[in-house]
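Observations on chain architecture
For reference, the chains in residue letters:
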Amino acid sequence: MEVLASSSLSPISFTKPNKINPNFSIQVKLWVKQPPKISKASKFSYARSLSNISRSNAANPGVVFVCNRFLCVIERNDQRKLSGKVMMKSSVNFRQNLSVALVRIVSVLLVSSISVVTTDSPPSWGLTEENLLFLEAWRTIDRAYIDKTFNGQSWFRYRETALRNEPMNTREETYMAIKKMVATLDDPFTRFLEPGKFKSLRSGTQGAVTGVGLSIGYPTASDGPPAGLVVISAAPGGPANRAGILPGDVIQGIDNTTTETLTIYDAAQMLQGPEGSAVELAIRSGPETRLLTLTRERVSVNPVKSRLCELPGSGSNSPKIGYIKLTTFNQNASSAVREAIETLRGNNVNAFVLDLRDNSGGSFPEGIEIAKFWLDKGVIVYICDSRGVRDIYDTDGSNAIATSEPLAVLVNKGTASASEILAGALKDNKRALVYGEPTYGKGKIQSVFELSDGSGLAVTVARYETPAHTDIDKVGVTPDHPLPKSFPKDEEAFCGCLKDPTAACYLNQGLLFSR
């Protein structure tokens, strides 16, 4: 706070700068009958004229004394500062006047008689509807984003700069401003979604989508230099699966548009479309590149398939294996898995196999709920941010329904996100043996936020660690044992591989559950 003490009948003004908007300040003015007197001055380049200033101050309204609690500086009202500072001992008059001023300012504040002075405030500073939508997006990221350094920038300063400089006269311009803001985070998983894309994303977690049945991701370090988008999984029976597209294949183009600069969400939008329409894909499988034309269809995302495998044995003592294939974590996943477990237990199974191969993830809460079915106690996952562990998901066994039967989990490089949380929890708690190959390695968690106009933001809110504090991002869950290369992915052939010792995919069921 600054105190301005001027000549006779001039106001003492207490000015409080507004840190949020420097164009506004709050000023309280009090009138003092007599000017303060200076008894002594030192270390001041204009000291030779100081006495003249003191004597003639009443006649020279162009000179004022700018004081704070400890210092006074002689200023001119024409904005030219005299160089240096004056250390001074206040006279009795000045102390009395200042005391009166302080008492009066308290009184003024109590009765709210404060005048707001606007300095060079442009008429355009009033927030428009478009500005408010931008601020809603900014606030969502401010509260939720995992990195509180916001990629090493001042997030508040960015807001003020964008409101002044970014055009936001139309909804399209506002969307562009939001995308530009999100891009400064340099996080491919945090993105802005226009209303159509946001609706499409939500439909993908609710049971069905019209497209070609592909889950896609960004290339990892093991995939070599980025040259497109990587196939994580192809929905069983969907157009892509029937065309022979496999996990690990690279999508190099969609309808003659290169994917090298596309986000996975823009690519997903291009893959979806009206039922019966065609889409052309350039697919690289190893050294070979193929051009495929696929017809979009409504792909029902039925998350669970199950099968009872009866193995050769003697009479009623024949081993029974309950096989559950979980293809995605949509909103029906946990209830479908629960139903499958209860049905198989009703058939007196001796052990379970949970197949998470080519499951690219989905709803985080569904993954947590499914883990609780298999664990009688223990940590499921640690949620971490830049400061360390911020939350722990665990279970006390109250939701457990299958904790005693031996369990094997099957994974591959198409196992990602929520699937990795589930596999990691069962492995680290010694509840299951994991078979297959290292998983995809998506160790970041996103939450989806809807904005007031129907658009949305997917924001990276945390990273996760397995119960053994393993950060699997870009590394994946390492299995306990490999699977035979020819091991099938459908439930019918799976049972055959357990029954026929002569088959190339044969896996001894005794070894399957043995540590």
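Only a predicted model underlies this, so the values are computations on that prediction, with no experimental measurement involved.

1. Observations regarding the state of the cysteines
A complete count under the given rule lists two disulfides for this structure. Paired through a disulfide, Cys497 and Cys505 show a sulfur-sulfur distance of 1.8 Å. Judged by the sign of its S-S torsion, about -95°, the bond between Cys497 and Cys505 is left-handed. With a relative accessible area of 2%, Cys497 lands in the buried category. A residue is classified by how much of its surface remains accessible, and Cys505, at 11% relative accessible area, is buried.

2. A word on the nonpolar core
Ile141, Leu354, Trp374 and Val409 are the most contacted members of the largest nonpolar core, which totals 68 residues. When neighbours within four sequence positions are excluded, Leu354 is seen to be in contact with Ile324, Leu326, Trp374, Leu407, Ala408, Val409, Leu410, Leu422 and Leu426. In terms of nonpolar packing, the next biggest core, distinct from the first, is built from 25 residues, Phe189, Ile232, Ala240 and Ile264 among them.

3. Considering the packing of aromatic side chains
In total, this model carries 10 aromatic pairs according to the counting rule given. On the numbers, 5.3 Å between centres and 80° between planes, the contact of Phe364 with Tyr393 is edge-to-face. Of this pair, Phe364 sits in helix α10 (residues 364-374) while Tyr393 is found in strand β20 (residues 388-395), placing the two residues 29 residues apart along the sequence. A relative accessible area of 17% places Phe364 in the buried class. Its relative accessible area of 31% is what places Tyr393 among the partly exposed residues.

4. Overview of the confidence of the model for the chain
Taken residue by residue, the chain gives an average pLDDT of 77. The fraction at 70 or more is 72%. Element-level mean pLDDT values for the chain span from 35 in strand β6 (residues 115-118) up to 97 in helix α5 (residues 171-183). Note that residues 1-92 has pLDDT below 50 and, in this model, 162 contacts with residues that lie over four places away or in other chains. Predicted confidence is poor over residues 105-124, with pLDDT under 50, and the contacts of this stretch with residues over four places away or in other chains come to 22 contacts.

5. Notes on helix α4 (residues 155-165)
Along α4, the residues classified as buried are Trp155, Tyr158, Arg159, Glu160, Ala162 and Leu163. Contacts made by the buried residues of α4 are with α3 (129-144) and α5.

6. Structural notes on the packing of α3 against α4
At their nearest, the axes of α3 and α4 sit 11 Å apart, and the two run at 170° to each other. The angle between α3 and α4 places the two elements in the roughly antiparallel class. For the crossing formed where α3 meets α4, the hand is right-handed. Every residue of α4 that contacts α3 at Asn131, Phe134, Leu135, Trp138, Ile141 and Asp142 is listed here: Trp155, Phe156, Tyr158, Arg159, Ala162 and Leu163.

Parameters and conventions
- Position numbers for residues start from 1 in each chain and track the written sequence from start to end.
- Totals for whole chains, interfaces and linings use all residues, but because this is a predicted model, local features are given only for residues with pLDDT of at least 70 and pairs of side-chain atoms are given and counted only at 80 or more.
- Calculation of side-chain values draws on the structure's entire complement of heavy atoms; hydrogens and water are dropped beforehand.
- Disulfide: a pair of cysteine sulfur atoms within 2.5 Å of each other.
- Each residue is placed in one exposure class: buried if its accessible area under a 1.4 Å probe, protein chains only, is under 20% of its type's maximum, exposed if it is over 50%, and partly exposed if it falls in between.
- Only buried residues count toward a nonpolar core, which is a set of Ala, Val, Leu, Ile, Met, Phe, Trp, Tyr and Cys residues joined through side-chain atoms within 4.5 Å.
- Contacts are assigned to residue pairs that have any heavy atoms within 4.5 Å of one another.
- Pairing of aromatic rings covers Phe, Tyr and Trp, the last through its six-membered ring, and needs centres within 6.5 Å; plane angles under 30 degrees mean stacked, over 60 mean edge-to-face, and all others mean tilted.
- Helix and strand definitions here come from DSSP, where helices need a minimum of 4 consecutive H or I residues and strands a minimum of 2 consecutive E residues; each element is numbered from the N-terminal end.
- pLDDT runs from 0 to 100 and stands for how confident the predictor is about each residue.
- Under this scheme, a helix contributes an axis fitted over its contacting stretch, all axes are lines through C-alpha atoms, and angles between N-to-C directions fall in the 0 to 180 degree range.
- Angular relationships are summarised with four words: roughly parallel below 35 degrees, roughly antiparallel beyond 145, roughly perpendicular across 65 to 115, and oblique for the angles in between.
- In this scheme the crossing of two helices becomes right-handed for a clockwise turn of the near helix relative to the far one and left-handed for an anticlockwise turn of less than a right angle.

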